[in-house]
Amino acid sequence: MTQVQHGIVPLPTTYQSVRYQPARIRIIRPKILCVEDEPLLQQLYRAVLKDAGEVVIASDGRTAVEIFQQFPDDYGLILTDYMMPQMNGLEFLRAIQGYVRPPRLLLSADPDRALQEQAVALGALAVLQKPVENQVLRSIARELLNGPQSQTLEEYLHSRMF
């Protein structure tokens, strides 16, 4: 029989060893696949986009295809350069064309209407002209990771008609 002292009822011994432990919550950040062969731009993209998501770098299209196809559902956005060794950005887009998601953007130093049309036909949302301002790129990434559209991207495209 348990004795009550000062209005406190002691717990049975089986409950006394149980301690509260807060649940560990793992925050899953969206991944951004950046396909870029220039090391300086790889570092720049990693720094600019780190607050938007986890940045995964591939230095050419072939490597990017391998990385992406391992866990395609892990990626919330793909940014790919156009001119790269082994497999260019259009060839990369063609290789992953069967996937509906994630949204894709092609980056090029010298885009034109033909490149824009080819990229869109292969599943890209748009072609961005390099260099892209850091804040603009960060805003576009955040918006596309949070929904299907980007107001910043629309404004960017409207200001640059190829």
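Here's what I pulled together on the structure shown here. (Residues numbered from 1 in each chain as written. Predicted model: local features only at pLDDT ≥ 70, side-chain atom pairs only at ≥ 80, totals over all residues. Heavy atoms only, no water.)

Across the interface, helix α6 (residues 134–146) lies against helix α7 (residues 151–159) with an axial gap of 7 Å and an inter-helix angle of 135 degrees. Taken together, the axes of α6 and α7 lie oblique to each other. Residue-level inspection shows Val136, Ser139, Ile140 and Glu143 of α6 in contact with α7, the latter providing Gln151, Thr152, Leu153 and Tyr156. (Axes fitted to C-alpha atoms, helices over the stretch in contact; angles between N-to-C directions. Helix = DSSP H or I, 4+ residues; strand = E, 2+ residues; numbered from the N terminus. Parallel < 35°, antiparallel > 145°, perpendicular 65-115°, else oblique. Contact = heavy atoms within 4.5 Å.)

What follows covers α7. Residues of α7 that are buried include every one of Thr152, Leu153, Tyr156 and Leu157, and no others. Along the long axis of α7, the arc covered by the buried residues comes to 130 degrees, so they all point the same way. Those residues of α7 that are exposed and aimed more than 90 degrees away from the buried face are Gln151, His158 and Ser159. Here the buried face of α7 lies against β4 (104–108), β5 (126–129) and α6. (Buried < 20%, exposed > 50% of the residue type's maximum accessible area, 1.4 Å probe, protein only. Arc of directions from axis to C-beta.)

Here we come to helix α5 (residues 113–121). Among the residues of α5, Leu115, Gln116 and Ala119 are the ones counted as buried. Buried residues along α5 cover an arc of 100 degrees about the axis, so they all sit on one side. Exposed side of α5, more than 90 degrees from the buried face: Arg113, Glu117 and Ala121 are the residues found there. Contact partners of the buried residues in α5: α4 (89–95), β4 and β5. Residue aspartate 112 occupies the N-cap position of α5, its side-chain oxygen lying 3.3 Å from the main-chain nitrogen of alanine 114. Of the residues flanking the end of α5, it is glycine 123, one or two places downstream, whose phi is positive at about 110 degrees. (Polar contact = N/O pair within 3.5 Å; in protein donor to acceptor, adjacent residues only side chain to side chain.)

Turning our attention to the side chain of threonine 80. Along the polypeptide, threonine 80 turns up in strand β3 (residues 75–81). Leave out the neighbours within four places in its chain, and threonine 80 touches Val35, Gly89, Phe92, Leu93, Leu105, Leu106 and Leu107.

What follows covers unusual backbone geometry. Excluding glycine, a negative phi dihedral is what most residues carry, and trans is how most peptide bonds are arranged. The peptide bond linking arginine 101 to proline 102 adopts the cis configuration, its omega dihedral lying at 0 degrees. Along the chain, the position of proline 102 falls in the loop between α4 and β4. Here the amide bond leading from lysine 130 into proline 131 is cis, since omega sits at -5 degrees, within 30 degrees of zero. Checked against the element boundaries, proline 131 lands in the loop between β5 and α6.

The 5 strands lie next to each other as β2-β1-β3-β4-β5, forming an open sheet whose pairing is parallel. Of all the strands in the sheet, the pair left with one neighbour each is β2 (54–58) and β5. Across this sheet, the average inter-strand angle for adjacent strands is 25 degrees, counted without regard to direction. Where strand β1 (residues 31–35) meets β2, 5 bridges bridge the pair, whose relative direction is parallel. Its bridge partner being in β2, leucine 33 is matched across the sheet by valine 56. Contacting β4 and β5, α7 runs over the sheet at an angle of about 70 degrees to β5. (Pairing = 2+ DSSP bridges.)

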